[in-house]
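# Secondary and tertiary structure notes
Each chain is listed here by its residues.
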Amino acid sequence: MDLLSNKWIVNVLICCFFIGVGCNSVEKKIYVHLNYTVPCVRLLNATHQIGCQSSLSGNVGVLHVLESEDNLDWVLSKGPNPPYLVILEAALFTRSIMMKLKNGSNRVAGVAVVAPNTNPTEPFSPYTTCPNENTGVYTEKYDPAYAHCNVTVWNPLGNGLAYEEFDFPIFSLKDDNDTQVIRQCFLDHNQVVNGSAPQYPLCAMQLYSHMSAVTDTATCMRRNDINFSISPEGVCDPLGDSNVWASSRPINTTQKGHKNSENVIIAAARLDSRSFFFDIAPGAQSSVTGFVSLLAAAHALRNATQEAPPNRTILYTFFQGETFDYIGSSRMVYDMENNQFAVDLDNVHSVLEVGQVGLRSDSQLWLHSDPVSRRNSSVNDEVRKLIENLQVASKDLNVTVNQPQASQPLPPSSFQRFLRARPIPGIVIEDHQSVFTNRYYESMYDNAEYLNISYPSNLTADEQLEHITETATALTEVATMVARALYIQAGGEESRLPSITAEARLVTRMLYSLLIKSNNSWFQEIIPSEFMSRLTEKPTNFYVGVANWQSSEPTFLVQYLLANLTGTVVNVTKEDCQHQREDDKDKESHHLYHYMWVQGSVPPNGTQRESFCVRSTVHLSKALSPAFDPLKEYTSTEYSTWTESRWKTIKGRIFLVASHELEMLTLGVGVGVLVTSLLLTYLISSKADILFSSGREPTNATY
Amino acid sequence: MNLERLPNEEKLSLCRKYYLGGFAFLPFLWLVNVVWFFREAFVKPAYTEQLQIKTYVKRSAFGLLLWVAVLTTWITIFQHFRAEWGEVGDYLSFTIPLGIP
Amino acid sequence: MTASVFFGCTFIAFGPAIALFLFTIAREPLRVIFLIAGAFFWLVSLLLSSLVWFISVQISNKDSAVQQKGLLIFGVVLSVLLQETFRFAYYKLLKKANEGLLTLSQEETMPISIRQLAYVSGLGFGFMSGAFSVVNILADSVGPGTVGIHGDSQHYFLSSAFMTMAIILLHMFWGVVFFDACEKQRWWAVAAVVVSHLIVSCLTFQNPEYVASLVPTYIILFLMGVWAFYSAGGSLRNLKLCLTCKDKDFLLANHRPR
């Protein structure tokens with residue numbers, strides 16, 4: 001033991017001095033920490049809480065790898081060692097199993113889902129069947145016939161799991177070494193043979209995801225504000241971020257409200273997505289296809305709008321937080337109504353929104369419009385014109401545009417929030433005629449693989465970036481059509497249309513950056529050097545996140561994409577560029593433009609990047625629900641009230657647990673030793689005089 | 001301070017001080033009084049001041065019991081209904097537990 | 001594991017030491033002081049050995065398993081030698097202190113004998129080394145897990161606790177034997193203490209074969225206990241007297257005020 005003690009002390013000393021706390025070889029003998037843990041977290045709105053929760057000290061359960069749904073009764077009733085921590089293969093992560101686990105939750109300590117490396121064949125959407133049911137335009141007041149997806153249930157595959165509340169933690173594990181360790185541990189210790197209970201020690205797992213907020217948004221926002229306690233700490237934060245927008249003509253952003261001479265066409269797309277788990281939201285079909293097409297269209301329109309500017313301005317807008325009751329679009333509309341935005345609703349001529357366009361069958365696109373507002377003849381005329389323009393634009397292209405049934409309402413889209421304010425003519429372009437064709441709407445499988453974006457295995461990262469996939473080609477067609485339609489809708493000449501074409505190379509680069517990894521040579525060139533650390537090696541997570549000082553990953557990426565694609569390189573020094581001006585006398589430009597000093601590329605025979613200044617009309621506008629910022633109405637039914645709970649630790653570890661008998665035996669032996677030694681010592685010390693009497697004095701124990 | 005060494009008059013005045021001090025919403029003074037003077041009041045052989053000490057100790061004990069009863073009732077009610085009270089419950093709380101209603 | 005394991009292991013490891021402390025040391029301030037001073041001397045020895053260990057690990061080749069193993073053996077031997085050196089230093093210090101105490105006290109006899117000092121300081125050494133060897137383990141025994149996910153025995157906690165108990169008691173016996181040997185200048189006995197300490201420490205190399213390390217350790221513990229008993233003035237006759245409850249007559253016979 002001396003040996004061990006010395007070793008440990010030395011270890012501890014070294015650890016404390018050089019590595020920090022938390023390094024302990026005994027701990028390593030007991031626990032295996034999981035490296036890759038993605039939790040499901042708690043979100044709250046005006047009335048509900050959804051998501052998952054563990055106890056403060058983590059939930060501990062005996063591992064049980066579920067093989068099939070029939071196997072569930074071991075967990076729910078038969079197994080002798082509850083609570084169980086259930087390991088699910090992705091195929092078993094279904095509503096029926098999860099609801100059974102939820103209802104038997106006193107025997108379930110948690111669930112870990114093994115995320116597969118390839119998408120399953122079954123459709124899976126943890127979202128609701130009627131996305132943003134109550135905050136779109138189709139309310140009882142607007143037209144009862146269309147309320148609550150009465151006519152079309154947009155996402156029939158949705159199982160609503162992401163809107164359930166679970167009182168145990170649910171984690172996602174990547175199918176790699178960790179899950180191998182878990183499976184091995186299960187096989188070694190916990191496997192049920194012929195229905196007989198496995199012997200102790202059993203393999204167990206502990207998951208920590210304790211959420212601070214509870215009940216609903218009103219409660220947690222109130223608790224955020226109460227801070228007379230010893231350690232005031234927030235418990236939740238509103239979801240939100242920033243919308244990204246740019247205009248084909250510079251608009252003075254310092255002057256808010258109505259602009260007399262402006263007439264804008266809003267070209268919109270949504271920016272965010274979500275999935276059941278916190279930081280996996282690839283949103284490829286749900287959002288990336290739409291906004292990549294719009295970005296490519298904006299790029300295609302750059303030259304045309306500068307050389308022969310149409311008389312209306314095109315406003316490219318990318319809305320954040322649309323998944324959570326239209327945070328971004330409702331905020332922009334609110335700002336327009338309250339003269340807080342560069343233009344107001346009177347300036348808006350029409351809206352063209354690009355929705356999910358990645359999965360076209362027979363290269364068809366569907367132009368959705370709102371049947372209710374089209375009952376008004378002037379609106380109807382404008383919508384018809386817009387449709388005609390789209391049809392003109394699709395000529396000579398490998399795209400056919402069709403209209404769905406006239407009585408079909410709009411699919412979930414940002415445009416609905418504009419209609420909610422007033423009847424504005426507009427179209428939503430989608431790849432589906434009626435219900436979504438997306439089989440993985442708002443799920444972790446809505447990724448590059450689902451869009452068939454794959455690269456020959458022998459390509460390097462740079463070659464993959466340039467490799468034009470079929471999906472990119474298809475989206476380029478959509479982008480070209482959108483660009484041309486926008487141009488004529490803005491009043492441009494039809495004769496210029498052939499010169500407006502989107503670049504497939506650009507689309508494929510964007511898809512690679514957003515769906516494979518953003519840390520690539522192209523993206524490094526188009527951002528300022530101080531943001532290099534924000535580029536990642538993973539697919540972008542399109543979950544909106546909470547509103548804070550730094551914009552989220554997708555907002556950041558789209559902001560710089562849009563700036564580079566619509567902006568122009570200007571000959572301005574680095575200092576002036578960073579001070580948002582053309583030269584040191586210029587006081588006006590920053591009202592109109594945004595300047596940024598981007599890294600640029602390394603010239604073929606150089607070592608230094610050649611940086612330059614890009615001037616664009618890109619701006620960020622707040623995408624925080626009006627329910628939070630000016631209104632403070634946390635029970636609003638008009639605006640999004642989603643908040644995300646805060647938490648302290650998210651972690652998981654596996655280990656063995658000893659039987660209760662062994663624990664009690666240890667305690668018993670301990671108490672026995674203590675009592676025996678107390679008795680013995682008392683006896684010896686009381687008779688020490690006699691025992692140690694040969695010498696002059698008593699020694700060992702006196703009295 | 002050793003109570004044994006004190007003359008009886010001072011014992012009485014000390015006991016009275018503690019008894020009176022308890023009225024300033026300090027039930028712990030009464031608790032101390034009861035524990036400290038219990039022997040003096042009930043166990044020791046009789047002396048002149050003992051009768052008064054006895055009354056002070058009795059009254060302190062009564063006040064203490066009252067406090068205990070009131071506090072126990074309130075704490076039980078508060079813990080039980082805090083979540084139901086919602087807003088009021090939160091404003092009455094000094095520390096709000098995380099993650100539970 | 002859980003709190004029950006934590007308390008179980010704590011009682012096993014420190015039960016005898018706590019009992020000895022309560023019944024024989026706690027009531028006499030002077031003994032408490034010497035106990036803590038003994039613990040402090042052990043700590044200083046540990047500090048020195050960890051310093052040497054730290055430096056040698058830094059300059060060694062961290063990838064070579066053989067070298068690391070050799071380093072470990074070197075560290076253990078060095079630590080044992082240092083501990084025994086400090087025991088000797090403490091003995092010397094106590095001799096000096098005792099003389100000082102004698103001049104201070106008004107009584108003829110010394111307030112504390114060298115045998116009592118031996119016992120007290122030995123227990124001090126034991127307390128500290130026991131604490132250092134088991135506190136880490138105890139801290140981890142509170143958590144939900146038990147040792148074994150990498151295939152180790154799940155009796156790790158239990159055997160560690162028993163080992164610690166043995167170490168604490170051994171330090172006590174070593175203290176008694178060592179001081180007695182120094183008093184009588186029997187250097188072979190001092191050597192025997194050092195050697196047995198070395199043997200016990202090296203027995204832990206047998207881990208995780210806990211039986212192979214615990215059984216010999218307890219044999220040595222028993223032998224050292226008997227030796228300490230004799231060198232503390234015990235004898236078979238005394239034990240017999242004690243067990244047959246003839247102490248009353250005995251006390252009468254050797255009437256001697258304490």
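Residues numbered from 1 in each chain as written. Chains lettered and ligands numbered in written order. Predicted model: local features only at pLDDT ≥ 70, side-chain atom pairs only at ≥ 80, totals over all residues. Heavy atoms only, no water.

An unreviewed UniProt entry lists chain C under the name Gamma-secretase subunit APH-1, with Sphaeramia orbicularis given as the organism. For the record of chain C, the UniProt heading Function (unreviewed entry) holds the text "Potential subunit of the gamma-secretase complex, an endoprotease complex that catalyzes the intramembrane cleavage of integral proteins such as Notch receptors." (UniProt positions renumbered as here; feature names shortened; annotations may be inferred.)

Chain A is annotated in an unreviewed UniProt entry as Nicastrin from Sphaeramia orbicularis. Annotation of chain A in UniProt includes, under Sequence similarities (unreviewed entry), the sentence "Belongs to the nicastrin family."

## Focus: the packing of aromatic side chains
Residue and element names in this part refer to chain A. For the structure on display, the rule yields 60 aromatic pairs over all chains. When the centroid spacing of 6.0 Å and the interplanar angle of 65° are considered together, the rings of Tyr163 and Trp642 count as edge-to-face. Of this pair, Tyr163 sits in the loop between β7 (108–115) and β8 (170–174) while Trp642 is found in the loop between β21 (619–624) and β22 (643–645), placing the two residues 479 residues apart along the sequence. Taking the relative accessible area as the measure of exposure, Trp642 reaches 4% and is therefore buried. (Phe/Tyr/Trp six-rings, centres within 6.5 Å; stacked < 30°, edge-to-face > 60°. Helix = DSSP H or I, 4+ residues; strand = E, 2+ residues; numbered from the N terminus. Buried < 20%, exposed > 50% of the residue type's maximum accessible area, 1.4 Å probe, protein only.)

## A word on the arrangement of the chains
By number of contacts, the leading pair among the 2 pairs of chains in contact is chains A and C. If you take every C-alpha in chain B and every C-alpha in chain C, the smallest gap between them is 22 Å, and the two do not touch. (Contact = heavy atoms within 4.5 Å.)

## Focus: empty space enclosed by the protein
Gaps left between atoms are located by rolling a probe of water-molecule size over the structure's atoms. All names here are of chain A. This structure, assessed with the given rule, holds 7 cavities of 30 Å³ or more. By volume, the largest cavity amounts to about 180 Å³. Considering the residues around the largest cavity, the lining is formed by 21 residues, among which Arg270, Glu353, Pro412, Ser413 and Tyr441 are closest to the centre. Elements with a minimum of two residues in the lining of the largest cavity: α7 (284–307) and β14 (348–354). Here the second largest cavity defines a volume of roughly 140 Å³. Taken together, 18 residues line the second largest cavity, and the ones lying closest to its centre are Cys130, Tyr138, Cys149, Trp154 and Gln416. Looking at which domains feed residues into the lining of the second largest cavity, each of domain 1 (27–223 + 650–662) and domain 2 (240–562 + 617–624) supplies at least three. (1 Å grid on protein atoms, 1.4 Å probe; cavity = no way out; pocket = protein on both sides within 12 Å on 5 of 7 lines; lining within 4 Å. Points joined across faces, edges and corners; volume = space filled by probe spheres on them. Domains from an automatic or database assignment.)

## Remarks on helix α3 (residues 50–85) of chain B
Here α3 of chain B contains 36 residues, and its C-alpha end-to-end distance of 50 Å stays within 8% of the 52 Å for a straight helix at 1.5 Å per residue. The largest bend in α3 of chain B amounts to roughly 40° and is located at Gln79 of chain B. Among all positions in α3 of chain B, only Gln50, Ile53, Tyr56, Val57, Ser60, Gly63, Leu64, Phe78 and Arg82 of chain B are buried. Buried-residue contacts for α3 of chain B involve α6 (217–225) of chain A together with α1 (8–21), α2 (27–43) and α4 (87–92) of chain B. Of the residues trailing α3 of chain B, Gly86 of chain B is marked for its positive phi of about 65°. (Expected span 1.5 Å × (residues − 1). Bend = angle between axes of the 7 residues up to and from the residue.)

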